[in-house]
Amino acid sequence: MQNPVEITFRGMAPSPAVEAAVTSWAERLGRFHPRIQHCRVWVELPHHHRRHGDRFQVKLVVSIPGDEIVVAHEHGHADVYLALADAFIAARRQLHDHACIRRGEIKHHHAA
């Protein structure tokens, strides 16, 4: 990855353990797609829900040459590490699909 990862915490105190997990996931993503230019990550703990408990939400914006991959998991997880894993796995899937489209392996349909 060419630039560092930018991490923002919302509704919770910054956590060195969560920062380390984000950095680890971002490094793995960088090995999967070496042309990543920048990765912005928001980890949010919205207001408390009595019925479902606290649910962490993660949003990623991964910048690659000529495009951005955006992942936003709004339903969230009770475990911040599962929320991170889901978001980064979704980003990896989108990067893979993007690469396949660019190589012509998958047809990209334009809106009419």
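Our subject is the structure listed above.
Scope of this entry: the structure provided in the associated data block. (Residues numbered from 1 in each chain as written. Predicted model: local features only at pLDDT ≥ 70, side-chain atom pairs only at ≥ 80, totals over all residues. Heavy atoms only, no water.)

**Regarding the overall build of the protein chain**
- Counting secondary structure elements, the protein chain contains 2 helices and 4 strands.
- Listed N to C, the secondary structure of the protein chain is β-α-β-β-β-α in terms of helices and strands.
- For the protein chain, the residues scored as buried account for 36% of the 112 residues in total.
- Sequence separation of at least 24 residues holds for 54% of the intrachain contacts in the protein chain that already meet a minimum separation of 6.
- Of the accessible surface of the protein chain, which amounts to about 7200 Å², a share of 51% is contributed by carbon and sulfur atoms. (Helix = DSSP H or I, 4+ residues; strand = E, 2+ residues; numbered from the N terminus. Buried < 20%, exposed > 50% of the residue type's maximum accessible area, 1.4 Å probe, protein only. Contact = heavy atoms within 4.5 Å. Areas by Shrake-Rupley, 256 points an atom, 1.4 Å probe, with all protein chains shown as cover.)

**Re helix α1 (residues 16-32)**
- End to end, α1 covers 24 Å across 17 residues, agreeing with the expected 24 Å (1.5 Å per residue, within 8%).
- Taken together, the buried positions of α1 are Val18, Ala21, Val22, Trp25, Ala26, Leu29 and Gly30.
- For α1, the elements touching its buried residues are β1 (5-10), β2 (38-44), β3 (56-64) and α2 (80-103). (Expected span 1.5 Å × (residues − 1).)

**Structural notes on the pairing of β3**
- Taking burial as the measure, the 9 residues of β3 include 7 buried ones, the bulk of the element.
- Where β2 lies against β3, 7 bridges are found, and the strand directions are antiparallel. Bridging across to β3, valine 43 finds its partner in valine 58.
- Taken together, the 8 bridges between β3 and strand β4 (residues 67-77) define a ladder with antiparallel strand orientation. (Pairing = 2+ DSSP bridges.)

**A few points about the pattern of salt bridges**
- Summed over all chains, the structure comprises 1 salt bridge.
- Where glutamate 68 meets arginine 40, a salt bridge forms, and the shortest distance between an N and an O atom there is 3.1 Å. Taken together, the residues glutamate 68 in strand β4 and arginine 40 in strand β2 connect sequence positions 28 residues apart. (Salt bridge = Lys/Arg side-chain N within 4 Å of Asp/Glu carboxyl O.)

**Quick word on the nonpolar core**
- In this structure, Val41, Leu60, Val62, Leu84 and Phe88 are the most contacted members of the largest nonpolar core, which totals 28 residues.
- Where this core is concerned, the elements lending two or more residues are α1, β2, β3, β4 and α2.
- In terms of residue count, the dominant contributor to this core is α2 (9 residues).
- Excluding anything up to four places from it in sequence, valine 62 contacts Leu29, Ile36, His38, Cys39, Asp67, Glu68, Ile69 and Leu95. (Core = buried A, V, L, I, M, F, W, Y, C linked by side-chain atoms within 4.5 Å.)

**With respect to the packing of aromatic side chains**
- The tally for this structure, following the rule as stated, stands at 1 aromatic pair.
- Plain terms: the ring middles of tryptophan 25 and phenylalanine 88 are 6.0 Å apart, the flat faces sit at 15° to each other, and that makes the pair stacked. Remark: phenylalanine 88 occurs in helix α2 and tryptophan 25 occurs in helix α1; sequence separation between them is 63 residues.
- Residue classification places tryptophan 25 among the buried residues on the basis of a relative accessible area of 16%.
- Assessed through its relative accessible area of 2%, phenylalanine 88 is described here as buried.
- Above the plane of the ring of tryptophan 25 lies arginine 28, whose end atom (NZ or CZ) is 4.0 Å from the centre.
- Of note, lysine 59 hangs over the ring of tryptophan 42, and the distance from its end group to the ring centre comes to 5.3 Å. (Phe/Tyr/Trp six-rings, centres within 6.5 Å; stacked < 30°, edge-to-face > 60°. Lys NZ or Arg CZ within 6 Å of the ring centre and 35° of its normal.)

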